[in-house]
Amino acid sequence: MKKQFEYIENVKRIIEQIEEKCSENIEDAAKAFSEALIKKSKIFLFGTGHSHMLSEELFYRAGGLLNIQPILIGELMLHISASESTEKEREEGLAEKIFSDYGISENDVIVIISNSGRNSVIVDMALLCKEKNVKAIALTSLNHSLAGESRHRSGKRLCEIADIVLDNCGCLGDACIEVDGVNGKICATSTVSGALILNAVVARAVEICAEKDFCPEHFLSANVDGGDQVNNELIEKYKKEIKHL
């Protein structure tokens, strides 16, 4: 089998595992989302390194919920310095300032995204949410996380702290393809599976809201007729409440 098809087959298997193993937790996460939507609370998403992409996955896009608040910290992302972001995500003490700057409250929900779930900023954020009574949902790889020790002084990993754990069902190390003559594996799966899980949670959350006669506000595509008008009205209405709008 050529490697492009092997990768696709691997992703298909992961999706089947998510359907089989994660349906109950996806339902629980959807209920948490729907409660936040109905209460007009925020749904925060926080990830470092490549995981920050999933913080943007649900934000300000066609069909994207208005209440989504990505936490985007330049020094923990890749566009300033990828290598330095790796070092920064292992530092303790950053989460408290991030928590305060974004005004996270106990009425909100946060999805904390980390494939390994072992680095200090992520664990700090999860522990802070536990302390502040904020519902925390982990999006992580249990295969990867449970294979290594925490880098946090508490000895805990994200999956051991969060209220709800969404397993992306990926392999240890994330990359899944071996090519003869090439050392190490290539082609990660956590972004594909993570985006699928998050959108599945949103789909069910909106369905729950509709069952309760509540219609969550959401963006339209800016590239369909009428989209700009709807989106601009939402931006004007909420730009003081939602960072990055």
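The following paragraphs examine the structure supplied in this document. (Residues numbered from 1 in each chain as written. Predicted model: local features only at pLDDT ≥ 70, side-chain atom pairs only at ≥ 80, totals over all residues. Heavy atoms only, no water.)

**A short note on helix α8 (residues 190–211)**
For α8, which comprises 22 residues, the first-to-last C-alpha distance of 31 Å matches the rise-based estimate of 32 Å (1.5 Å per residue) to within 8%. Regarding α8, the residues found buried are S190, S193, G194, A195, I197, L198, V201, V202, A205, I208 and C209. (Helix = DSSP H or I, 4+ residues; strand = E, 2+ residues; numbered from the N terminus. Expected span 1.5 Å × (residues − 1). Buried < 20%, exposed > 50% of the residue type's maximum accessible area, 1.4 Å probe, protein only.)

**Describing helix α2 (residues 23–38)**
Quick reminder: α-helices carry 3.6 residues per turn. Residues three or four places apart thus point the same way. For α2, which comprises 16 residues, the first-to-last C-alpha distance of 22 Å matches the rise-based estimate of 22 Å (1.5 Å per residue) to within 8%. Looking at α2, one finds that the buried residues are I26, A29, A30, A32, F33, S34, A36 and L37. Considering only its buried residues, α2 is in contact with α1 (3–21), β1 (43–47), β3 (109–113), β4 (135–140), β5 (164–167) and α8. Positive phi appears at K40, one or two residues downstream of α2, with a value of about 65 degrees. (Contact = heavy atoms within 4.5 Å.)

**Quick look at the sheet that holds strand β2 (residues 68–71)**
Strand order in this open sheet of five strands is β2-β1-β3-β4-β5, and the pairing throughout is parallel. The open sheet has two edge strands with one neighbour each: β2 and β5. Pairs of neighbouring strands in the sheet enclose a mean axial angle of 20 degrees, with direction left out of account. On the sheet, α2 packs against β1, β3, β4 and β5 and is oriented at approximately 125 degrees with respect to β5. (Pairing = 2+ DSSP bridges. Axes fitted to C-alpha atoms, helices over the stretch in contact; angles between N-to-C directions.)

**Quick word on the pairing of β5**
Of the two faces of β5, both are covered, the one formed by I164 and L166 as well as the one formed by V165 and D167. Here four bridges tie β4 to β5, and the two strands are oriented parallel to one another. Residue L139 lies in a different strand from β5, and its bridge partner there is L166.

**A look at the pattern of salt bridges**
Opposite charge on two side chains lets them pair, provided their charged atoms get close. For the structure on display, the rule yields eleven salt bridges. Between K130 and D163 there is a salt bridge; the shortest N-O distance is 3.4 Å. You can see K130 sitting in helix α6 (residues 120–132) and its partner D163 sitting in the loop between α7 (142–145) and β5, a full 33 residues away along the chain. Residue classification places K130 among the partly exposed positions, given a relative accessible area of 45%. Connected via shared salt-bridge partners are E27, R204, E207 and E211. (Salt bridge = Lys/Arg side-chain N within 4 Å of Asp/Glu carboxyl O.)

**What about the side chain of S141?**
One can find S141 in the loop between β4 and α7. S141 sits in the buried class, given a relative accessible area of 0%. Beyond its immediate sequence surroundings of up to four residues, S141 is in contact with S114, N115, D167, N168, G170 and C171.

**Looking at the nonpolar core**
Of all hydrophobic cores here, the largest spans 39 residues; its most connected members are F33, V111, I137, L139, L166 and V201. Of all the elements in the fold, those that place two or more residues in this core are α1, α2, β1, β3, β4, β5, α8 and α9 (227–238). Among the elements that line this core, the one with the most residues is α8, at eight residues. In contact with V201, not counting residues within four places along its chain, are I26, A29, A30, F33 and L166. The next biggest cluster of nonpolar side chains, apart from the first, holds 30 residues, and it includes L76, Y102, I104 and V165. (Core = buried A, V, L, I, M, F, W, Y, C linked by side-chain atoms within 4.5 Å.)

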